[in-house]
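# Descriptive analysis of the structure
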Amino acid sequence: MKNIIVANWKMNQDFATISSWINDFFYKICDDKNFPEIAICPPYLYLDMLSKVINKNNKNSLISLGSQDISFSQSGAYTGDISAKMLKDFSCKYAIIGHSERRQFHCETNDILEKKLKMTIAEDIVPIFCIGESLKDRQEKTYVDFLKSQIKSVIPKDIYLESLVLAYEPIWSIGTDTTPKISAIKEVADLVCSELLNYKNIKNFKIIYGGSVKSSNSKEILSIKNINGLLVGSASLNYKEFFKIIS
Ligand code: 13P
């Protein structure tokens, strides 16, 4: 199974910095089949810019585009939202759903996330569904139940999904330069894997890790059994650092 490395730029970058990132990155990357799959999730406004560059430079479909969110509705009076169909217009293959920053700052509940997940299916977008426990859950050792409930509350048992990317992002690791021990990531990867194997209608899934990923720790994390990729935040803003991670 090919690994996937996802760049989540969050609310960072602007026209000038993206232009130079693209120039430098695409100059360095050739369509080498040995690279993992790469998905770039820029702020919505830059999807158009990136989709044009990717369509032009991406002979082997190594690089895809993703969004950082998706509306739970098809269309209508939802000021500020972007629908699955709109994302498809810009060749988005992936959509991040349930990032802890969306849950925290936009009050996204598991109910809303379930609707968002269903929206991805309508337009054949692959969901990158994020789960992750707080430091309190980790310290009080309630994280296993918490993570299982995040999965069960959002993914209905009877859902049909051609592909799913499940991102394990412990909240306490995001932007903190602290990563869990390798054994702790492995424990969750194994847990998630056995949970997802209960879903007979999910045809393919990948489990990826996110939270303070850098070139200095990416290789070790990728060596964990059942980890099939990375979700990279701040380290993806620097093309050199991101290139080291994908290499
Ligand atoms: P950092 O890599 O900056 O810790 O962010 C992780 C993340 O939230 C990616 O979605």
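Structural notes, computed from the coordinates.

Rules behind the numbers
- Residues numbered from 1 in each chain as written.
- Predicted model: local features only at pLDDT ≥ 70, side-chain atom pairs only at ≥ 80, totals over all residues.
- Heavy atoms only, no water.
- Helix = DSSP H or I, 4+ residues; strand = E, 2+ residues; numbered from the N terminus.
- Buried < 20%, exposed > 50% of the residue type's maximum accessible area, 1.4 Å probe, protein only.
- Core = buried A, V, L, I, M, F, W, Y, C linked by side-chain atoms within 4.5 Å.
- Contact = heavy atoms within 4.5 Å.
- Pairing = 2+ DSSP bridges.
- Near = heavy atom within 4 Å.
- Polar contact = N/O pair within 3.5 Å; in protein donor to acceptor, adjacent residues only side chain to side chain.
- Areas by Shrake-Rupley, 256 points an atom, 1.4 Å probe, with all protein chains shown as cover.
- Nonpolar A, V, L, I, M, F, W, Y, C, P; charged D, E, K, R; others polar.

Next up on the list: unusual backbone geometry. Positive phi, close to 60°, is recorded for Asp124, a residue that is not glycine. Relative to the helices and strands, Asp124 is located in the loop between helix H5 (110–122) and strand E5 (126–131). Phi at Asp177 is positive, roughly 65°, even though this residue is not glycine. Counting through the fold element by element, Asp177 comes out in the loop between strand E6 (161–168) and helix H8 (182–196). Judged by relative accessible area, which is 59%, Asp177 ranks as exposed.

What follows covers the nonpolar core. With 67 residues, the main nonpolar core has Phe25, Ile29, Ile155 and Leu196 as its most contacted residues. In contact with Ile29, not counting residues within four places along its chain, are Phe35, Ile38, Leu62, Ile63, Phe243 and Ile246.

Next up on the list: the environment of Gly132. Following the sequence through the fold, Gly132 ends up in the loop between E5 and helix H6 (135–139). When sequence neighbours within four positions are dropped, the list of residues in contact with Gly132 reads Phe146, Leu147, Gln150, Tyr168, Glu169, Pro170 and Ile171.

Moving on to the pairing of strand E1 (residues 4–8). Judged by how many residues are buried, E1 sits mostly within the fold: five of five residues are covered. Every second residue of E1 is oriented toward a common face, with Ile4, Val6 and Asn8 on one face and Ile5 and Ala7 on the other, all of them buried. In the sheet, E1 pairs with strand E2 (residues 37–41) via five bridges, with the strands oriented parallel. If you follow Ile4 over to E2, its bridge partner there is Glu37. In this structure, E1 lies alongside strand E8 (residues 229–232), joined through four bridges in parallel fashion. The residue of E8 that forms the bridge with Val6 is Leu231.

Around the ligand, a shell composed of Asn8, Lys10, His99, Glu169, Ile174, Gly175, Gly211, Ser212, Leu231, Gly233 and Ser234 is seen. One of the side-chain N or O atoms of His99 is found 2.8 Å from an oxygen atom in the ligand. Gly175 has a polar backbone atom sitting 2.7 Å from an oxygen atom of the ligand. Protein contacts shield 97% of the accessible area of the ligand, which totals 310 Å² for the unbound molecule. For the shell around the ligand, the residue count by class is two nonpolar, seven polar and two charged.

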